[in-house]
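One letter stands for each residue in the lines below.
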Amino acid sequence: MTEPCDLSAVTLRRLIGEKKLSPVELLDSCLKRIGEVDHAVNAMVAMDEGAARKAAQQAEQAVMQGEKLGPLHGLPLGIKDLDETAGLVTTFGSPIFKDHVPAKDSTMVADLRAAGGIILGKTNTPEFGAGANTRNAVYGATGNPFDPTRSAAGSSGGSGVALACSMVPLASGSDTGGSLRNPAAFNGIVGFRPSPGMVPAERRLLGWSNLPVLGPMARDVGDLALMLSVMAADHGVDPLAYTLPDCDVRRGMAFDEAIDLSSLRVAATPDFGFAPTENHIREVFASRVQALSPLFGRVEEATPNCEGTDEVFAILRALNFLAAHEEKVRKRPQDVGPNVRANVEEGLGYSANDVARASVQQTKIYRNWQDFFARGYDVVISPAITLSPRPWAELYPAEIDGKPTKNYFHWLALAYAVTVPGHPAISLPLGVDKAGLPFGLQIVGPRGGDALVVAVAAAIEAAVAGDATLARPVPDLAKLRAAQPIREMPNFLSFD
């Protein structure tokens, strides 16, 4: 028998509106699933069942009284523990903030609530989102639902796992070096990095930096489009959410229009010319390209010129960490983990000339991407992440296929190749790799092509729905119910 929590968000919202499903019944189903499997994976880390239940009861009453319902009415949500939630502890994965209870919601969370969403709990993240292995010294590690000894990626790892296990129908995330796309790939769900400014964010201290963005995560593209339609806005708190006088250019955008895949010219690349993609993933990607090619008008192996991306991302990323965390590292070094310390120390070593050089090169890379799309390509496809999930006990992959990585985020190069020029990208689950773990396909659109990327992903998802090899993989919940609590594993509660 299908549990309510296993239904899609779109279906759940329809059933609620038709008075065929109570928001209270849905909340109970989500809480039951969390109680059954979260011990094995540690995805939901701060809960306020009382407030969620009260909100669900109010949502039910609104339905019964025939009130106007928002697009997310009655849907339980997971909020990444980097975004502030009124009355619910927000730690940022840091011992410094382990008792921090915000007085108000972040703008994004407020928008989700206003649309009828019910904040069920916070999802785990590495400290301040540093790194793509979800573990910290407050809540511990998050395990992959397909093998809890392996990484869930990050930094939105808790959201990815909560969705894969149907703990919530929708969850939020953020992305600098792939933090929406990496956990989507590792956990077999969908994660979308929108264009900078599409989802306004006030947490970004360097307001004009295009690197960090907020975005939606879901189990399928239709659900993701629903959540994105609520998150997209023109709030003035974000300098990149450019607006026109008396014209909201983002709210109401159509993210669910159909597209004819046979009309598309697609560029395929396993590495963007520089990413250290392991041979295993190259082989799986090649098989996916072969399987998908008949759907497209034309597929060619090609990539934008990404020369200098590694250095640009390293410098500009460090600049963001320096702005946000230098004081913490200086005053409370014992309470700050190795990834954050490394970024701050690296940032302190750069000169103004280094930052200027990186900014100039970023502009060149951006223009290279515009030239590439001007050659007639509609989208670019690549693997979403360079390797198959490895043990979470490994802070980061120090080598790939026997070759050392340059730093703790070098293995995320397939993601930050897209971050640097600021293009929208989605990770879509396409079956499993040779290790039996989820494989994610990254689909990248042109500048401002958010709706196109979502539409292409939806069309591919529909085309492969009946193919056991390519459809979204689902974790074995029975195995998770019987699994050892992840907290009992060595080094569960630590930075490193």
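Looking up the protein in an unreviewed UniProt entry gives the name Amidase, with the organism given as Pseudoroseomonas cervicalis ATCC 49957.

Q: Just to check I follow, could you spell out the pattern of salt bridges for this structure?
A: It is possible for side chains bearing opposite charge to pair when their charged atoms get close. What the rule picks out here adds up to 29 salt bridges. One salt bridge connects Asp 105 with Arg 113, and the closest N-O pair in it is separated by 2.6 Å. Taking relative accessible area as the criterion, Asp 105 reaches 17% and is therefore assigned buried. With relative accessibility at 33%, the residue Arg 113 sits in the partly exposed group.

Q: Please explain the packing of aromatic side chains as it appears in this structure.
A: Each aromatic ring pair is specified by the distance between its two centres and by the angle formed by the two planes. Under the counting rule described, the total for this entry stands at 14 aromatic pairs. Here Phe 313 and Phe 409 contribute two aromatic rings whose centre-to-centre distance is 5.5 Å and whose plane-to-plane angle is 75°, an arrangement assigned as edge-to-face. In this pair, Phe 313 is assigned in helix α9 (residues 309-331) and Phe 409 in the loop between β15 (403-404) and α12 (413-419), connecting sequence segments 96 residues apart. A relative accessible area of 1% places Phe 313 in the buried class. Among the aromatic residues, ring-to-ring pairing joins Phe 274, Phe 313, Tyr 396, Tyr 408, Phe 409 and Tyr 416 into one connected group. Sitting over the ring of Tyr 377, Arg 265 keeps its end group 4.1 Å from the ring centre.

Q: Can you walk me through the environment of Arg 447 in this structure?
A: By the element assignment, Arg 447 lies in the loop between β17 (438-444) and α13 (450-463). Along the backbone, Arg 447 and Tyr 366 are 81 residues apart, and their C-alpha atoms lie at a distance of 9.4 Å. At 3.4 Å, the side chain of Arg 447 forms a polar contact with the side chain of Tyr 366.

The rules behind the values
Residues numbered from 1 in each chain as written. Predicted model: local features only at pLDDT ≥ 70, side-chain atom pairs only at ≥ 80, totals over all residues. Heavy atoms only, no water. Salt bridge = Lys/Arg side-chain N within 4 Å of Asp/Glu carboxyl O. Buried < 20%, exposed > 50% of the residue type's maximum accessible area, 1.4 Å probe, protein only. Phe/Tyr/Trp six-rings, centres within 6.5 Å; stacked < 30°, edge-to-face > 60°. Helix = DSSP H or I, 4+ residues; strand = E, 2+ residues; numbered from the N terminus. Lys NZ or Arg CZ within 6 Å of the ring centre and 35° of its normal. Polar contact = N/O pair within 3.5 Å; in protein donor to acceptor, adjacent residues only side chain to side chain.

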